[in-house]
Amino acid sequence: MIQYLERVKTATLNFLSTHPRITGWSVFLGIFFLTSYLSYTEYQIRLSNEREAVKAKLYELENSVLFSIRNGISAAKTLAFFAQNFDVTQNFDSIGRQILESNPNVDVIQYLDSGTIVSVYPLKGNESVIGYKVAEDPTRKEEVLEAFLRRDIYFSGPFTLRQGGVGIVGRYPIFEKSGELKGFSAVIIYLQTLIKNTGLAGQDNGLMAIRFSKQDKATGQWINFLLEEPGDKPYTGFSDFVMIPEGNWQLTVQLKESRALSGLVPSLLLRYLTAVIFGLITWNFSRIPNLLKKKVEEQSRDLKLINERFELASKATSDFIWDWDMEKNKTFRSPSFYENFGYGPHDSQDNNDFWESIIHPEDLAEVRANLNQALSGMDSYWEKEFRVRKKNGTYNFIQDKGFIIRNSNGKAIRMIGASQDVTARKMSELEIIQTNAKLSSANQELKAFAALASHDMREPLRMISSFMDLLQKRYGDKLDEKALQYIHFATDGAKRLTQMINDLLEYSKAGFDLEKLEEIEVGEIIQEVLELKSDIVRNTGAQLTFQGLPKIKALRIPLKILFQNLIGNSLKYINPNLPPEIKVYGEEFGEFWKFTVQDNGIGIEADYLEEIFGILKRLHPKEKYPGTGMGLATCRKIVTQFGGEIWAESELGIGTQLIFTIKKL
């Protein structure tokens, strides 16, 4: 039996752990139904408490009303006793005073001879009722008859009294010894006195409604004699009533609104929330074993996949992985090492001594010192580039990287790393160095050639210009206008060709020598450019403004040529209808400095915004705007050497922005 129970227990736990959603729902529903039952029980208890509170209030009010009524009964029967044995009319004030003093809840006492009031105490304020024939009043006749038929006291009202006010009147019939009616003893209890002495006004903090009512025989409706609270909302709470036969009154107490359910809402919500929380907790805990199982399976698959990837990656790359156990002096090397370097597993002997034996003798001391320094310190990574001998005796360059594992004392006990054959890269670097050397030599030769060629080309141009000037001076008065025009064309062409040669020479000299980098205030460069172009600025009346010009690291001469050409461009292509305005401003632009030279000149058509940076490119005739078309080409070459870009944004008739970037150095 015990084994059977154990199997059932195990099967149940397995089912719950493999079905966490069902487990969570089961716990939630169990707690939900339990809390619902507890809430229902509490609701019934609350309803019972409300009923008991109403009944207790009703019992309290009933006793208070009966006490006041019994005061009236006592007073009426006392007067009746005196009336049967004495003539009470002769000394009624004294008798009435004594009776009222003994019964403080009674306000007025009367004696009726047959059905007519003949005596009243206190008389003051009640004079109007003396001689009042109650038995003959159709509104009071039935009440008098009811007392006669009962042969006992009967209270009527509350109603409006003849002498004023509202009250209840109790009439007790007095009979002769012969059985004939002699008269009535009557007591009056004002309604306000009754309410005050009995608590019918209510002292329940407004939780209960009290009704003191009597049924109208004509209509059958119950008339409430107490003041009701205004409002259209009906009372919905528990109610109870009791009949007071002395006046056929119904005393009712009702709870205005039951709070059994509304008072239960917070605890009900808390219980349901508890059910939800416990359901979620159970669901979460019951799924943990299954999740752990799946996690272990996933990690096993991932580990297997990693191993497969490691093996495939080792085969697919020239890199080889190694694992050096320093405590055992054992080294694992991936198969790619043996394939790339030609050694076999028996050659390496799986220790670090083999590795040192194949390092190039010129590199061994440096590698050993560098490695020992990393191992003896607290570094976690080690990296070194050196040469290693292959099986065939040749040497390859490798880049060796390793991660150092240390024990709790900081001692290196293991290092895992990878080695990459970088021979091809090293060879490429050597080729690049050699090529750069050749290019540098070629550039020097080209610069020298350009300088020599420009000198040789300018010499005949100077001769042409000189002889044209002599020709014009000596024979100018003998030549016609056409001949003078030819001389002008020849001189002007020589000058423009000389300028073009100078610009080409300047373009060829634009270089980028990192050794000459310096910190430069861009604002100072702008001032130097303006000094060179002070005549043009003065003649054109141009207004130049600068903003945000930083201090940068650059080459002074190329930077000066750059701004000289850009500002010169803005001064050249001014709008004749507007006063020239040129703005130069700079800003940071990520890894670059960004500069803008903005003018309000004639502008450039969108189709030519890229063409203007070409060599010897001109958009206007030389007669209108002189120049060789080399300025912006030189700017682009300088900006490119600074690692940046240059471009133009323009709108015809509005102006142009020449924008360039310089890489931060």
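Here, the structure is the one placed above.
Not measured: the values here are computed from a predicted model.

A. Broad picture of the pattern of salt bridges. Evaluated as defined, the whole model comprises 17 salt bridges. Its salt-bridge partner being R387, residue D363 comes within 3.0 Å of it at the nearest N-O pair. You can see D363 sitting in helix 10 (residues 361-376) and its partner R387 sitting in strand 12 (residues 381-389), a full 24 residues away along the chain. Exposure remark for D363: the relative accessible area of 14% places this residue in the buried category. Residues E588 and K664 are paired through a salt bridge, measuring 2.4 Å at the closest nitrogen-oxygen approach. One end of the pair, E588, is in strand 18 (residues 581-589); the other, K664, is in the segment after strand 21 (655-663), with 76 residues separating them in the sequence. Note on E588: relative accessible area 54%, which makes it exposed.

B. Focus on the nonpolar core. Counting residues in hydrophobic clusters, the biggest one holds 42 residues, and the most contacted among them are L79, I109, F155, L200, F212 and L251. The element best represented in this core is helix 2 (residues 20-85), accounting for 12 residues. L571, C635, I638 and F660 belong to the second-largest nonpolar core, a separate cluster that totals 38 residues.

C. Inspection of a nonpolar patch on the surface at higher detail. Residues L270, L273, V276, I277, L280, I281, W283, F285, I288 and L292 make up a contiguous nonpolar surface patch of roughly 910 Å² in combined accessible area. Along the chain, I277 turns up in helix 6 (residues 265-316).

D. Broad picture of the packing of aromatic side chains. On inspection of all chains with the given rule, the structure shows 10 aromatic pairs. The interplanar angle of 70 degrees and the centroid separation of 6.0 Å between the aromatic rings of F81 and F82 together place this pair among those described as edge-to-face. In this structure F82 comes out as partly exposed when scored by relative accessible area, which is 26%. Counting every residue linked through ring pairs, the aromatic cluster contains F81, F82 and F86. A cation over an aromatic ring shows up here: R140 above the ring of F159, its NZ or CZ 3.8 Å from the ring centre. Of note, K663 hangs over the ring of F592, and the distance from its end group to the ring centre comes to 5.1 Å.

E. A look at the pairing of strand 3 (residues 154-160). Counting buried residues along strand 3, six of its seven residues qualify, which places the element largely inside the surrounding structure. Pairing of strand 3 with strand 4 (residues 166-175), which is carried by five bridges, proceeds in the antiparallel orientation. In the strand pairing of strand 4, T160 is matched with V166. Linking strand 3 back to strand 4 in an antiparallel pair, the connection comprises five residues, with G164 at a positive phi of about 110 degrees.

F. Just the sheet that holds strand 7 (residues 222-224), in detail. The strand order across the open sheet formed by four strands is 7-6-9-8, and the pairing between neighbours is antiparallel. Two strands bound the open sheet, and with one partner strand each, they are strand 7 and strand 8 (239-244). In this sheet, adjacent strand axes meet at a mean angle of 30 degrees when their direction is disregarded. Bridge count for strand 8 against strand 9 (residues 249-255) is six bridges, and the pairing is antiparallel. When the sheet's bridge partners are listed, M243 is paired in strand 9 with Q250. Packed on one face of the sheet, helix 2 meets strand 6 (208-215), strand 8 and strand 9 and runs near 150 degrees to strand 9.

G. Quick look at the packing of helix 15 (residues 556-572) against helix 16 (residues 631-641). The interhelical angle for the contact between helix 15 and helix 16, taken along N-to-C directions, is 145 degrees, at an axis separation of 9 Å. For the pair helix 15 and helix 16, the sense of crossing is left-handed. Only G631, L632, T634, C635, I638 and V639 of helix 16 make contact with helix 15, whose side of the interface consists of P558, I561, L562, N565, L566 and N569. Of the residues assigned to the contact of helix 15 with helix 16, the class counts are eight nonpolar, four polar and no charged.

H. Structural context of the environment of G165. Structurally, G165 can be placed in the loop between strand 3 and strand 4. Sequence separation between G165 and L191 is 26 residues, and the spatial gap between their C-alpha atoms is 8.3 Å. Once residues within four sequence positions are removed from consideration, G165 is found in contact with F159 and T160.

Cut-offs applied
- Starting from 1, residues in each chain are numbered consecutively following that chain's sequence as written.
- It should be noted that, the model being predicted, local features are given only for residues of pLDDT at least 70 and side-chain atom pairs only at 80 or more, the latter also being counted only at that level, while totals for whole chains, interfaces and linings use all residues.
- Side-chain measures were taken over the full set of non-hydrogen atoms in the model, leaving aside hydrogen atoms and water.
- Within this document, salt bridges are pairs made up of a side-chain nitrogen of Lys or Arg and a carboxyl oxygen of Asp or Glu, the two lying within 4 Å of each other.
- Counting from the N terminus, the helices are DSSP H or I runs at least four residues long and the strands are E runs at least two residues long.
- Here's how the labels work: a residue is buried when its accessible area is under 20% of the maximum for its type, exposed when over 50%, partly exposed in between, all with a 1.4 Å probe on protein chains only.
- The definition of a nonpolar core used throughout is a set of buried Ala, Val, Leu, Ile, Met, Phe, Trp, Tyr and Cys residues joined through side-chain atoms within 4.5 Å.
- Two distance rules govern patches: like charges are joined within 9 Å, and nonpolar side chains (Val, Leu, Ile, Met, Phe, Trp, Tyr) within 5 Å, applied only to residues with over 30% relative accessible area and no salt bridge.
- Using the Shrake-Rupley algorithm and a 1.4 Å probe, accessible areas are obtained, with residue cover drawn only from the displayed protein chains.
- Note on aromatic contacts: the rings of Phe and Tyr and the six-membered ring of Trp form a pair at centre separations within 6.5 Å, being stacked when their planes are under 30 degrees apart, edge-to-face when over 60 apart, and tilted otherwise.
- Should the NZ of a Lys or the CZ of an Arg lie within 6 Å of a ring centre and within 35 degrees of the ring normal, that charge is described as sitting over the ring.
- Strands are labelled as partners when DSSP assigns at least two bridges between them.
- The axes are straight lines fitted to the C-alpha atoms, using for helices just the contacting stretch, and the angles between their N-to-C directions are given from 0 to 180°.
- In what follows, residue pairs with any heavy atoms lying within 4.5 Å of each other are defined as contacts.
- Should the near helix be turned anticlockwise from the far one by less than a right angle, the crossing is termed left-handed; should it be turned clockwise, right-handed.
- Residue polarity is assigned by list, with Asp, Glu, Lys and Arg as charged and Ala, Val, Leu, Ile, Met, Phe, Trp, Tyr, Cys and Pro as nonpolar; anything else, Gly included, falls into the polar class.

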